[in-house]
Amino acid sequence: MAEFSSTQNTGNLVKFIEGIPSRGIPPKINSKYIASLGFKSTNDRTILTVLKGIGICGSDGTPGDSYKQLRNQTELKKTLGKIICNAYADLFTVYPDANAKDESILKDYFASKTEVGAASLRNIIGTFQALCSAAVFSGEPMDAIATSHATPAAISGHGHTSQGRHFPKTEV
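The structure displayed is predicted, hence computed values, not measured ones.

A word on the overall build of the protein
No. 1: A tally of helices and strands in the protein yields 8 helices and 2 strands.
No. 2: Listing each helix as α and each strand as β along the protein from the N terminus yields α-α-α-α-α-α-α-α-β-β.
No. 3: The proportion of buried residues among the 172 residues of the protein is 43%.
No. 4: Nonlocal contacts in the protein, meaning residues at least 24 apart in sequence, comprise 70% of its contacts between residues at least 6 apart.
No. 5: As displayed, the protein offers around 8200 Å² of accessible surface, 47% of which is attributable to carbon and sulfur atoms.

A short note on the confidence of the model for the protein
No. 1: Looking at the protein as a whole, the pLDDT averages 85, with 80% of positions reaching at least 70.
No. 2: Summarising per-element confidence for the protein, the mean pLDDT is lowest in strand E1 (residues 159–160) (34) and highest in helix H1 (residues 10–18) (98).
No. 3: When the criterion is pLDDT under 50, residues 140–172 qualifies, and its contacts beyond four places in sequence or with other chains add up to 85 contacts.

Let's talk about helix H7 (residues 103–113)
No. 1: Among all positions in H7, only Leu106, Tyr109 and Phe110 are buried. Taken down its axis, H7 places every buried residue within 90° of arc, on the same side.
No. 2: Taken together, the buried residues of H7 touch helix H6 (89–94) and helix H8 (118–133).

As for helix H5 (residues 76–87)
No. 1: Its 12 residues place the ends of H5 16 Å apart at the C-alpha level, agreeing with the 16 Å of an ideal helix rising 1.5 Å per residue.
No. 2: Burial analysis of H5 places 9 of its 12 residues in the buried class, which makes it a mostly covered element.
No. 3: Every buried residue of H5 is accounted for by Leu76, Thr79, Leu80, Gly81, Ile83, Ile84, Cys85, Asn86 and Ala87.

With respect to the packing of H1 against H8
In a packed pair of helices, the relevant descriptors are the angle between the two axes and the axis-to-axis distance.
No. 1: The N-to-C vectors of H1 and H8 enclose an angle of 35°; their axes lie 9 Å apart at closest approach. Crossing hand, H1 versus H8: right-handed. Contacts between H1 and H8 involve Thr10, Leu13, Val14 and Ile17 from the former and Gly126, Thr127, Ala130 and Leu131 from the latter.
No. 2: Residues belonging to the contact of H1 with H8 are distributed by class as follows: 5 nonpolar, 3 polar and no charged.

Notes on the packing of aromatic side chains
No. 1: A full pass over the atoms with the stated rule returns 9 aromatic pairs.
No. 2: Arranged with centres 6.2 Å apart and planes meeting at 80°, the rings of Tyr88 and Phe110 form a pair that is edge-to-face. With Tyr88 in the loop between H5 and H6 and Phe110 in helix H7, this residue pair connects regions lying 22 residues apart in the sequence.
No. 3: The class for Tyr88 is buried, based on a relative accessible area of 2%.
No. 4: Members of the aromatic cluster, each reached through a chain of ring pairs, are Phe4, Tyr88, Phe92, Tyr109, Phe110, Phe128 and Phe137.
No. 5: Positioned above the aromatic ring of Phe16, the side-chain terminus of Arg23 is 4.4 Å from the ring centre.

Reading the values: rules and limits
- Residues numbered from 1 in each chain as written.
- Predicted model: local features only at pLDDT ≥ 70, side-chain atom pairs only at ≥ 80, totals over all residues.
- Heavy atoms only, no water.
- Helix = DSSP H or I, 4+ residues; strand = E, 2+ residues; numbered from the N terminus.
- Buried < 20%, exposed > 50% of the residue type's maximum accessible area, 1.4 Å probe, protein only.
- Contact = heavy atoms within 4.5 Å.
- Areas by Shrake-Rupley, 256 points an atom, 1.4 Å probe, with all protein chains shown as cover.
- pLDDT = per-residue confidence, 0-100.
- Arc of directions from axis to C-beta.
- Expected span 1.5 Å × (residues − 1).
- Axes fitted to C-alpha atoms, helices over the stretch in contact; angles between N-to-C directions.
- Left-handed = near helix turned anticlockwise from the far one by under 90°.
- Nonpolar A, V, L, I, M, F, W, Y, C, P; charged D, E, K, R; others polar.
- Phe/Tyr/Trp six-rings, centres within 6.5 Å; stacked < 30°, edge-to-face > 60°.
- Lys NZ or Arg CZ within 6 Å of the ring centre and 35° of its normal.

Structure, rendered in structure tokens:
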């Protein structure tokens, strides 16, 4: 079964990502670093799990190429869209417009791919929807983003757009 990272604090996840362009690149992203930015709730600790899960940083917390690409404020939303399409590649294979699907369709998809209970399933869906709300999904072919640290189970190796087209992964 696939594993999908999630957080209950989706608002702070989005704030963290949207703040990346205004911050320097830390040597490591860890709970202490996240707390130093004002995200001090115990639920904010799961922000790190999501960042690792979608390939923004490696399993050791080292910021990856996608973190560096998110520092471009002008391209942040489009870059995040690419990261999401790569991290949830299987979902975008099944539903090329997954970012626009309603909760019931997403629930059926994630329930069939995981063994988690209802509460965790809601968190997975909420995390995916929050990420999508902060992103732009283009109808143009998207080059696969360089994610040298992207090794989560949710990544299956395809690049996608949200407008019903499927493009093979571009080797980077």
